[in-house]
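So the chains spell out like this:
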There are 2 protein chains.
Amino acid sequence: MIPTISAFEHSPDGGRGQARDMRVRWALEEVGQPYEVRLVSFSMMTEPAHLALQTFGQIPTYEEGDLALFESGAFVFHITEQHPGLLPVDKIIRARAIAWMFAALNTMEPPTVELEMSRLMGYDKTWFKERQPMLENLVCVRLRELSNRLADAE
Amino acid sequence: MIPTISAFEHSPDGGRGQARDMRVRWALEEVGQPYEVRLVSFSMMTEPAHLALQTFGQIPTYEEGDLALFESGAFVFHITEQHPGLLPVDKIIRARAIAWMFAALNTMEPPTVELEMSRLMGYDKTWFKERQPMLENLVCVRLRELSNRLADAE
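The residue count restarts for each chain, going from 1 along the sequence in the order it is written. Note on labels: chains are lettered from A, ligands numbered from 1, in written order. This being a predicted model, a pLDDT of at least 70 is required before a residue's local features are given, and a value of 80 or more before pairs of side-chain atoms are given or counted; all residues contribute to the totals for chains, interfaces and linings.

(A) Main features of the pairing of strand β2 (residues 36–40) of chain A. Residues and elements named next belong to chain A. A pair of strands counts as paired when DSSP detects no fewer than two bridges linking them. What counts as a helix is a DSSP run of H or I of at least four residues, what counts as a strand is a run of E of at least two, and both are numbered from the N terminus. Of the pairings in the sheet, the one linking strand β1 (residues 4–8) to β2 comprises 5 bridges and is parallel in character. Looking at β2, one finds that Phe8 is bridged to Val40. Chirality of the crossover, the property in question, places the unit of β1, helix α1 (residues 21–30) and β2 among those that are right-handed. Seen with the strands pointing away from the viewer, any crossover whose path from the first strand over the helix to the second strand runs clockwise is right-handed.

In structure tokens, the structure reads:
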């Protein structure tokens, strides 16, 4: 069954993976799973047909036969369960790999998204110039912690 | 094997579940799994012993024999894999339940944490009074979308 994901129709890259569809495309490409892409406009994302697939009116969505999912993390995890090779087999190492998946979504992504959203949507705020370096610093702190861990693991 | 989680020693509730340890305690209590709690101070959280368990210097951590995990979402998922009853057995319904787990962490939590962090740490900023209602609105938007979905599901 060929899955279909959705992506932005009008993003600067024309929905070719610079948004949250990237991680899903990446996982599908890694396992050699063909997939189809349905591009959606910002107005389509507010319509009932899209909200039925994506409660929060976002992209990507994932449809595969009777299965309709939202949340890109859930798609990636679903792909790991369907295809060998993305997660380790050893139970303890697998649990740790899953922990890093959550870290990517729940610890690394939020400050990164906050910085980007401020840059894209908040540049007209009176506090933009003073606040932006603080947001950049939060991202740098996380990246430094991650880098320290990777150095320890070498 | 009795797992040990860590929690804040000096939070207003004395580490009894009002931080990200709540979701882990909740899952453990649901399946009747006893657990131990190690309280850590803010200075302990910056020390190498803690950073070896939690790359980003946060709580909770989860230790169970040879397994040491970080990221509360990963603990909850690990508990669902060890104990029946938390996730549905049917594959499609299970995948959808997992999607909601990611939604809680990756869609509902970030604006909620941003609002709370602003309230706790950002009250002295010049932009606090003007920005706080915007943050409250972002949380309300997500809660409304969630509420609409739950109403549809009835």
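(B) Here's a closer look at the sheet that holds β1 of chain A. Residue and element names in this part refer to chain A. If you trace the 4 strands from one edge of the open sheet to the other, you get β2-β1-β3-β4, paired in mixed fashion. The open sheet is flanked by β2 and β4 (67–70), the only strands paired with a single partner. Sheet twist, expressed as the average angle between the axes of neighbouring strands with direction ignored, equals 25°. One ladder, built from 4 bridges, connects strand β3 (residues 61–64) with β4; its direction is antiparallel. Looking across to β4, one finds that Tyr62 is bridged to Leu69. To obtain an axis, a line is fitted to C-alpha atoms, over the contacting stretch when the element is a helix, and the angle between two such axes runs from 0 to 180 degrees between their N-to-C directions.

(C) Representation of the domain arrangement of chain A within the structure. Each assigned domain of chain A is listed with its residue range as follows: domain 1 (4–82) and domain 2 (91–153). On a C-alpha basis, the centroid separation for the pair domain 1 of chain A and domain 2 of chain A is 22 Å. Domain start and stop points were drawn from an automatic or database domain assignment.

(D) Summary view of the sheet that holds strand β1 (residues 4–8) of chain B. Residues and elements named next belong to chain B. The 4 strands are arranged β2-β1-β3-β4 in an open sheet whose pairing can be described as mixed. The open sheet has two edge strands with one neighbour each: β2 (36–40) and β4 (67–70). Neighbour-to-neighbour, the strand axes of this sheet turn through a mean angle of 25°, independent of strand direction. As defined by bridge partners, β1 adjoins strand β3 (residues 61–64) across 2 bridges and the pair is classed as antiparallel. Paired with Thr4 across the two strands is Glu63, which belongs to β3.

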